[in-house]
Amino acid sequence: MKKRIVVVDGMGGGIGAQIIERLKPSLGPGVEVLALGANSGATERMMKAGADRGASGENAVRVSVGSGMLIIGPIGILIPNGMLGEITPAMAEAVMAAPCERILVPVAQDHFALAGLEPRPLGYYIDTAVGIAKSRIDAIE
């Protein structure tokens, strides 16, 4: 499988953009970052953050989410109708069915709680997710 990291986000793409900004400088030249946005605004923001390629919408997520060795994004990408309805059931199902590891950023949502998770700034969780992704990439080199 090609060395590709898939970053999935919705809404304004802010979490995905932060992930890409922090991850991209630490990757070797042979690792591609693919930005998949639930909407074009999210994809555009992730592209500006340094993604190599990007696509938007339900079909793009369904078709491309399994093309990488890792999927990174906010936990809402797993929840049908999550992120204020931007993550369709088909998108959430595709993320869960993808044959790769998922690294999720625990972002608070109104309709669920993450028990046992110590409250920390979002940047801490993004840095932790980026560190996990980097260690996975380094392990296969």
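Since we're looking at a predicted model, the values are computed, not measured. (Residues numbered from 1 in each chain as written. Predicted model: local features only at pLDDT ≥ 70, side-chain atom pairs only at ≥ 80, totals over all residues. Heavy atoms only, no water.)

### A closer look at the overall build of the protein
Looking only at helices and strands, the protein has five helices and five strands in total. Walking the protein from its N terminus toward its C terminus, one meets helices and strands in the order β-α-β-α-β-α-β-α-β-α. Computed over its C-alpha atoms, the radius of gyration of the protein comes to 14 Å, within 12% of the 14 Å expected for a compact globule of 141 residues. Referenced to the eigenvectors of the C-alpha coordinate spread, the extents of the protein come out at roughly 40 × 35 × 30 Å. When contacts within the protein are restricted to residue pairs at least 6 apart in sequence, those whose partners lie at least 24 apart make up 70%. With an accessible surface of roughly 6700 Å², the protein has 55% of that area assigned to carbon and sulfur atoms. The averaged location of the 14 negative side-chain charges in the protein is 6 Å from the averaged location of its 13 positive side-chain charges. (Helix = DSSP H or I, 4+ residues; strand = E, 2+ residues; numbered from the N terminus. Rg over C-alpha atoms; globule rule 2.2 N^0.38 Å. Contact = heavy atoms within 4.5 Å. Areas by Shrake-Rupley, 256 points an atom, 1.4 Å probe, with all protein chains shown as cover. Lys, Arg positive; Asp, Glu negative; His and termini not counted. Charge placed at Lys NZ, Arg CZ, Asp CG, Glu CD.)

### As for the nonpolar core
In terms of nonpolar packing, the biggest core is built from 26 residues, with Ile 5, Ile 19, Ile 20 and Ile 72 touching the most fellow members. Elements that contribute at least two residues to this core include exactly β1 (4–9), α1 (14–23), β2 (32–37), β4 (70–74), β5 (101–105) and α5 (122–140). When residues of this core are assigned to their parent elements, the largest contribution, six residues, is made by α5. Not counting chain neighbours up to four residues away, the residues in contact with Ile 20 comprise Val 7, Pro 25, Val 33, Ala 35, Met 46, Ala 49, Gly 50 and Ala 51. With 17 residues, the next largest nonpolar core counts Leu 34, Leu 36, Met 83 and Ile 87 among its residues. (Core = buried A, V, L, I, M, F, W, Y, C linked by side-chain atoms within 4.5 Å. Buried < 20%, exposed > 50% of the residue type's maximum accessible area, 1.4 Å probe, protein only.)

### Concerning the sheet that holds β2
Ordered by their spatial adjacency, five strands build an open sheet running β3-β2-β1-β4-β5, and the pairing between neighbours is parallel. Single-partner strands in this sheet number two, and they are β3 (53–56) and β5. Across the sheet, the mean angle separating the axes of adjacent strands is 20° when strand polarity is ignored. Relative to β2, β1 is paired through six bridges, and the arrangement is parallel. Considered in β2, the bridge of Asp 9 is made with Gly 37. (Pairing = 2+ DSSP bridges. Axes fitted to C-alpha atoms, helices over the stretch in contact; angles between N-to-C directions.)

### Considering the layout of surface pockets
Put simply, the largest pocket is a space of about 200 Å³. Along the walls of the largest pocket sit 15 residues, with Met 11, Met 83, Leu 84, Ala 108 and Gln 109 positioned nearest its centre. A class-by-class count of the residues in the lining of the largest pocket yields seven nonpolar, six polar and two charged. Of the pockets and cavities examined, the second largest pocket occupies roughly 150 Å³. Forming the walls of the second largest pocket are Pro 106, Val 107, Ala 108, Gln 109, Phe 112, Ala 113, Leu 114, Leu 117, Glu 118, Pro 119 and Tyr 125. Partitioned by chemical class, the residues of the lining of the second largest pocket number nine nonpolar, one polar and one charged. (1 Å grid on protein atoms, 1.4 Å probe; cavity = no way out; pocket = protein on both sides within 12 Å on 5 of 7 lines; lining within 4 Å. Points joined across faces, edges and corners; volume = space filled by probe spheres on them. Nonpolar A, V, L, I, M, F, W, Y, C, P; charged D, E, K, R; others polar.)

### Some remarks on the side chain of Thr 43
With respect to the helices, strands and loops of the structure, Thr 43 is situated in helix α2 (residues 40–48). In this structure the side chain of Thr 43 is engaged in a polar contact, spanning 2.7 Å, whose partner is the side chain of Ser 56. In this structure Thr 43 touches Ala 35, Leu 36, Gly 37, Gly 54, Ala 55 and Ser 56, once residues within four positions along its chain are discounted. (Polar contact = N/O pair within 3.5 Å; in protein donor to acceptor, adjacent residues only side chain to side chain.)

On their own, these measurements won't tell you what the molecule is for.
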